[in-house]
Amino acid sequence: LQTNMISRATAVLALAGSAAAFAPMGTPALRKPAGMQMSAQANAAKVAIAGAALLIATPAFAGDGDAGEKIFNANCAACHAGGQNSVVPDHTLEKAAIEKYLTGGFAEKSVAYQVTNGKNAMPAFGGRLSDEDIANVATYVISTSEAGWD
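Reading the values: the criteria
Residues numbered from 1 in each chain as written. Predicted model: local features only at pLDDT ≥ 70, side-chain atom pairs only at ≥ 80, totals over all residues. Heavy atoms only, no water. Helix = DSSP H or I, 4+ residues; strand = E, 2+ residues; numbered from the N terminus. Core = buried A, V, L, I, M, F, W, Y, C linked by side-chain atoms within 4.5 Å. Buried < 20%, exposed > 50% of the residue type's maximum accessible area, 1.4 Å probe, protein only. Contact = heavy atoms within 4.5 Å. Expected span 1.5 Å × (residues − 1). Axes fitted to C-alpha atoms, helices over the stretch in contact; angles between N-to-C directions. Parallel < 35°, antiparallel > 145°, perpendicular 65-115°, else oblique. Left-handed = near helix turned anticlockwise from the far one by under 90°. Nonpolar A, V, L, I, M, F, W, Y, C, P; charged D, E, K, R; others polar. pLDDT = per-residue confidence, 0-100.

1. Points about the environment of Gly65
As for its placement among the helices and strands, Gly65 is situated in helix 3 (residues 65–75). The spacing of Gly65 and Ala138 is 73 residues in sequence and 8.1 Å in space, taken between C-alpha atoms.

As structure tokens, then:
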């Protein structure tokens, strides 16, 4: 998670620097009228701010699937071994079942939401696992469902 935040901060700085590079510069005789210069600079700033907001506001998914597998085996496999569901048999972790039954569909954010908050017979793990652990489990579940459970 810390690596994701550092990468995002680097991306924000790069985006801001890129936007600044497009601001009009040069000798006064070659510059456009003052109103146009401000508009171009304002637009460059708007692009940088919008891009930075998207980078910062986007949830940090795409966790570590290998770490997620270990967390899954320790916390989820009692009910979901091999992608199955020992409590509600048709609500497996197979891709088709996730698409059909999981609120939000086949996406890491949907899996993370359900793991965090629980639903029906499934307990919430938000108080037991860290956000990073939950993101890792979500990555593992989605990638393994995509590839097919063993």
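From this point, the narrative continues.
2. Concerning the nonpolar core
The biggest cluster of nonpolar side chains holds 19 residues, and the ones touching the most others in it are Phe72, Leu93, Val111, Val115, Val137 and Val141. Only helix 3, helix 6 (108–117) and helix 7 (131–147) provide two or more residues apiece to this core. Broken down by element, the residue count for this core peaks at six residues, all from helix 7. Those residues in contact with Phe72 that lie beyond four places of it in its chain are Ala77, His80, Leu93, Val137, Tyr140, Val141 and Trp149.

3. Remarks on helix 7
Because an α-helix completes one turn every 3.6 residues, residues spaced three or four positions apart along the sequence face the same direction. Counted at 1.5 Å a residue, the expected span for helix 7 with its 17 residues is 24 Å, and the 24 Å between its end C-alpha atoms agrees. Residues of helix 7 that are buried: Ile134, Ala135, Asn136, Val137, Ala138, Thr139, Tyr140, Val141, Ile142, Thr144 and Ser145. Contacts from the buried residues of helix 7 go to helix 3, helix 5 (95–101) and helix 6. Immediately downstream of helix 7, the backbone of Gly148 shows phi near 105 degrees, a positive value.

4. What about the packing of helix 6 against helix 7?
Interhelical geometry of helix 6 versus helix 7 gives an angle of 125 degrees and a closest axis separation of 8 Å. Viewed along their axes, helix 6 and helix 7 adopt a mutual orientation that is oblique. Considering only the axes of helix 6 and helix 7, their crossing is right-handed. Residues Glu108, Val111, Ala112, Val115 and Thr116 of helix 6 pack against Ile134, Ala135, Val137, Ala138, Thr139, Val141 and Ile142 of helix 7. Residues belonging to the contact of helix 6 with helix 7 are distributed by class as follows: nine nonpolar, two polar and one charged.

5. Notes on the confidence of the model for the chain
Segments scoring low in pLDDT should not have their predicted coordinates read at a detailed level. Model confidence for the chain is summarised by a mean pLDDT of 78, while 59% of its residues fall at 70 or above. Confidence drops under pLDDT 50 across residues 18–23; counting only partners more than four residues distant or on other chains, this segment forms three contacts. Contacts for the low-pLDDT stretch residues 56–60, under 50 throughout, to residues beyond four places or in other chains number eight contacts.

6. A word on the packing of helix 3 against helix 7
Two packed helices can be described by the angle between their axes and the distance between those axes. Put simply, helix 3 and helix 7 touch, their axes get as near as 7 Å, and they point 100 degrees apart. When the axes of helix 3 and helix 7 are compared, the pair comes out roughly perpendicular. Residues Gly65, Ala67, Gly68, Glu69, Ile71 and Phe72 of helix 3 touch helix 7, and the partners they reach there are Asp133, Asn136, Val137, Thr139, Tyr140 and Val141. Classifying every residue of the contact of helix 3 with helix 7 gives six nonpolar, four polar and two charged.

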